[in-house]
Amino acid sequence: MKRPIDKQQEHEWIEQYLSGEMTRDERKEVEMVMQADADFEKEVQLLKRTHELMKEAFLEQRAVATLRQLQRQSRQRTQRIRLVRRSLIGSVTAGFMLIVYLSVAPVVFPDSENDTSITHSLADESDTMAVAQKQVFNQFFEGQVHLIEGQYVLAVKNFETVVRTTDIRPYFREAAQWHLTVAYLKSGEPHKAERVYDQFSQCTDCEYPIRAVDRWKIWWQIKWAQWLK
């Protein structure tokens, strides 16, 4: 099937590709268009990321709902064996679901940080900003791209450069440290990731607004990676 001309049909075409509803030849056709058209490839990647976020949100919602259910069950627990057995089964299931969620769900950084146009605008607002400092911002943005593309070693180098810089706002230093933690983790260096992560364990005035659930994901994935080693 050739690339549709109509945008709505093209959107459906991409959806079929992402959902695995195409034949091998049809998938090759989509991938050839992606190689030839950078804008089309960006659209495919955006839809793919949207699918991933929807799946993650569903898992997170199920995990939170299960934990709340367990809390309600614990308050209503009685001496009856049947209720105890049911609660135990529910606890094991919920614990397993929570472990799976923390192990496989990707860390989601604040939207304002993922939107590089916002951050670029902050960098471009000041005409007096030194060229060297703008280069540091570019290192940060390149590190984000390398994380998304799975080039974790390059991402580590980018974020290490940012962290070593002395004249950068605390907000962006913390953002770079959190990204560096994930880059270390993804590149197979959980002990380095833990050292950076531990810097935030006693932080009372941190500026970078990472969610508690994403802190749990990072902590658990570090411990899991260390155990596997």
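Looking at this structure, I do not really get the side chain of Q177. What am I missing?
Relative to the helices and strands, Q177 is located in helix α9 (residues 170-186). Excluding its chain neighbours within four sequence positions, the residues that come into contact with Q177 are V163, V196, Q199 and F200.

What's the story with the environment of D214 in this structure? I'm lost.
Within the element layout of this structure, D214 appears in helix α11 (residues 212-228). Counting along the chain gives 108 residues from D214 to P106, while the straight-line C-alpha distance between them is 8.3 Å. Within the structure, D214 has its side chain in polar contact with the side chain of K217 (distance 3.1 Å).

Is there a simple way to explain the packing of aromatic side chains in this structure?
Each aromatic ring pair is described using two quantities: the centre-to-centre distance and the angle formed by the ring planes. Counted under the stated rule, the structure contains 12 aromatic pairs. When the ring of F140 is compared with that of F172, the centres are 6.4 Å apart and the planes differ by 80°; the resulting orientation is edge-to-face. Separated by 32 residues along the polypeptide, F140 in helix α7 (residues 131-149) and F172 in helix α9 bring together distant segments of the chain. Residues F140 and F172 agree in their burial class; the two are buried. The structure contains a cluster of three or more aromatic residues connected by ring pairs, namely F137, F140, F141, F159, Y171, F172 and Y208.

What exactly am I supposed to notice about the pattern of salt bridges here?
It is possible for side chains of opposite charge to pair when their charged atoms get near one another. Per the counting criterion, the structure on display carries six salt bridges. In this structure, K192 and E189 form a salt bridge, with 3.1 Å as the shortest nitrogen-oxygen distance. K192 sits in the partly exposed class, given a relative accessible area of 32%. Taking the relative accessible area as the measure of exposure, E189 reaches 25% and is therefore partly exposed. Through salt bridges with shared partners, a single ionic network connects R3, E10 and D37.

Help me understand the environment of E31, please; the structure alone is not making it clear to me.
Of note, E31 is situated in helix α2 (residues 24-36). A distance of 3.1 Å separates the side chain of E31 from the side chain of Y17, its partner in a polar contact.

Just to check I follow, could you spell out helix α1 (residues 7-18) for this structure?
Note on helix geometry: an α-helix contains 3.6 residues per turn, so any two residues three or four positions apart are oriented the same way. Between the first and last C-alpha of α1 there are 16 Å, a value that for 12 residues agrees with the 16 Å anticipated at 1.5 Å per step. For α1, every residue scored as buried is listed here: E10, W13, I14 and Y17. Viewed along the axis of α1, the buried residues span an arc of 95°, placing them on a single side of the element. For α1, the capping residue at the N-terminal end is D6, with a side-chain oxygen 3.0 Å from the backbone nitrogen of Q8. One or two residues past the end of α1 sits G20, with phi positive at roughly 75°.

Each value, and the rule that gives it
- Residues numbered from 1 in each chain as written.
- Predicted model: local features only at pLDDT ≥ 70, side-chain atom pairs only at ≥ 80, totals over all residues.
- Heavy atoms only, no water.
- Helix = DSSP H or I, 4+ residues; strand = E, 2+ residues; numbered from the N terminus.
- Contact = heavy atoms within 4.5 Å.
- Polar contact = N/O pair within 3.5 Å; in protein donor to acceptor, adjacent residues only side chain to side chain.
- Phe/Tyr/Trp six-rings, centres within 6.5 Å; stacked < 30°, edge-to-face > 60°.
- Buried < 20%, exposed > 50% of the residue type's maximum accessible area, 1.4 Å probe, protein only.
- Salt bridge = Lys/Arg side-chain N within 4 Å of Asp/Glu carboxyl O.
- Expected span 1.5 Å × (residues − 1).
- Arc of directions from axis to C-beta.

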